[in-house]
Amino acid sequence: MQEYKIKISNASNLNELESLRLELLGKKGKITAGFASLKELDAEQKKQAAAQLNTLKDEFSALIENKKSQLENEHIKQTMQADGVDVSLFSQPCESGALHPVMDTMDKIIEYFISLNFSVENGPLIEDDFHNFEALNLPPFHPARDMQDTFYLNDFRLLRTHTSPVQIRTMQAQKPPIRMIAPGAVFRRDLDLTHTPMFHQVEGLVVEEGLKVSFANLKDILENFLKYLFGDVRVRFRPSFFPFTEPSTEVDISCIFCGGSGCRVCKQTGWLEVLGAGIVDENVFKAVNYKNVSGYAFGLGVERLAMLLHRIPDLRSLFEADLRLLEQFR
Ligand code: FA5
């Protein structure tokens, strides 16, 4: 049995140790066989031999258990050394993502209006003629439909050309007062330096009962919004035309590139157009069965604002997924 003590102590891995355990204590092991042969002895010899066998069994069981935990500890140590983290190594810089400048600008706009208690409403990208045009005071064959080149689908539906249909859907679903914005994608057959076929708008609509809402309220909110976004700029309201507002206005800010003295970007005018707005036309309220109310609405192009905020000269580059451009906004 002495040789087994040496073998156990020299065992170099758990498999080897398990074979030795089976040789001694397994079903056909030497010690187990010793117990089986006890029946051939008389009572006194049996007692003595059984006691010796039990001592041997305990001794070898303890030896094997000790060796087993020693081998297991060594195994853990080796694995930890192989897989371990060397905290003294130089770190690999981790590439972090960033919001796309359009989404970043969109978030800034939404945050501002939420802080003024506006709700955020949504509508479908595929619209019907009623919501995109007719209810907005653009009856069939109205010449102003040409202002927005439309993508039509085969079933007379269309890709919404602006976020204004969300005004209609919200008024159909809710009673006044209304204080909402509607951010989202819109589509037009347009492509050049300052136009892309898909772009984003944020619509705004405020409706109150009676004659509470005035053009002065509209001027105030838009002026403050543009100063929040661009800092200390001058804001100009120019008379304009939208079928769904009367009076209508287009809003300019003093050119942020030249400060108003005139440059290529502002086409030497010193001003940049940033949004359209106006007092909601009576015919729009008629289309949604609203009576004795007043309201204002505005619609801004998010890409246009992102271009100005980040001084990006070509609007199309925002959609080319060029990492060299996008990485600058991290
Ligand atoms: C409208 O779409 C009106 N619905 C806005 C409005 C809402 C007026 C409520 C009054 C009341 P307009 O077509 O001007 O208006 O578009 C609004 C803004 O979208 C423009 O100032 C411009 O910044 C942006 N825009 C228009 N076409 C494109 C285009 N193809 N690509 C990128 N931005 C565009």
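Right above here is the structure, for reference.
Keep in mind the model is a prediction, meaning the values are calculated, not measured.

Enquirer: Sorry if this is basic, but what is going on with helix 8 (residues 215-230) here?
Expert: Three or four residues apart is the spacing at which side chains of an α-helix point the same way, because the helix has 3.6 residues per turn. Its 16 residues give helix 8 an end-to-end C-alpha distance of 22 Å, which sits within 8% of 22 Å, the value for a rise of 1.5 Å per residue. Residues of helix 8 that are buried make contact with helix 5 (101-115), strand 6 (235-242), strand 7 (245-254), strand 8 (271-280), strand 9 (293-301) and helix 10 (302-310). Once helix 8 finishes, Gly 231 follows within two positions and takes phi at roughly 80°, a positive value.

Enquirer: Please explain the packing of aromatic side chains as it appears in this structure.
Expert: Centre-to-centre distance and the angle between the planes together describe a pair of aromatic rings. In total, this model carries 9 aromatic pairs according to the counting rule given. Between Phe 225 and Tyr 228, the ring centres sit 6.4 Å apart and the planes meet at 35°, which makes this aromatic pair tilted. Linking Phe 225 with Tyr 228, this pair stays in helix 8, spanning 3 residues, or about one helical turn. Residue Phe 225 is classed as buried on the basis of its relative accessible area of 0%. When its relative accessible area of 35% is taken as the criterion, Tyr 228 is described as partly exposed.

Enquirer: Can you help me understand the side chain of Glu 250 in this one?
Expert: On the secondary structure map, Glu 250 appears in strand 7. When residues no more than four places from it in sequence are discounted, the contact partners of Glu 250 are Arg 236, Phe 237, Arg 238, Ser 240, Phe 242, Glu 273, Leu 275 and Gly 276.

Enquirer: Would you explain the environment of Ser 69 in this entry?
Expert: Relative to the assigned elements, Ser 69 resides in helix 4 (residues 43-83). Residue classification places Ser 69 among the partly exposed positions, given a relative accessible area of 36%. Note: C-alpha distance between Ser 69 and Leu 14 (55 residues apart in sequence) is 9.5 Å.

Enquirer: Which parts of the structure should I look at to understand the site of the ligand?
Expert: Around the ligand there are 24 residues in total, and His 162, Ser 164, Arg 188, Thr 196 and Glu 273 lie nearest to it. At 3.0 Å from a nitrogen atom of the ligand is found a side-chain nitrogen or oxygen belonging to Ser 164. One nitrogen or oxygen atom from the side chain of Arg 188 is found 2.8 Å from an oxygen atom belonging to the ligand. Coverage of the ligand by the protein chains reaches 93% of its 680 Å² of free accessible surface. Every element with two or more residues in the shell around the ligand is listed here: strand 5 (198-209), strand 8 and strand 9. If one sorts the elements of the shell around the ligand by residue count, strand 9 sits on top with 4 residues. Of the residues contributing to the shell around the ligand, the split by class is 7 nonpolar, 12 polar and 5 charged.

Rules used in this analysis
Residues numbered from 1 in each chain as written. Predicted model: local features only at pLDDT ≥ 70, side-chain atom pairs only at ≥ 80, totals over all residues. Heavy atoms only, no water. Helix = DSSP H or I, 4+ residues; strand = E, 2+ residues; numbered from the N terminus. Expected span 1.5 Å × (residues − 1). Contact = heavy atoms within 4.5 Å. Phe/Tyr/Trp six-rings, centres within 6.5 Å; stacked < 30°, edge-to-face > 60°. Buried < 20%, exposed > 50% of the residue type's maximum accessible area, 1.4 Å probe, protein only. Near = heavy atom within 4 Å. Polar contact = N/O pair within 3.5 Å; in protein donor to acceptor, adjacent residues only side chain to side chain. Areas by Shrake-Rupley, 256 points an atom, 1.4 Å probe, with all protein chains shown as cover. Nonpolar A, V, L, I, M, F, W, Y, C, P; charged D, E, K, R; others polar.

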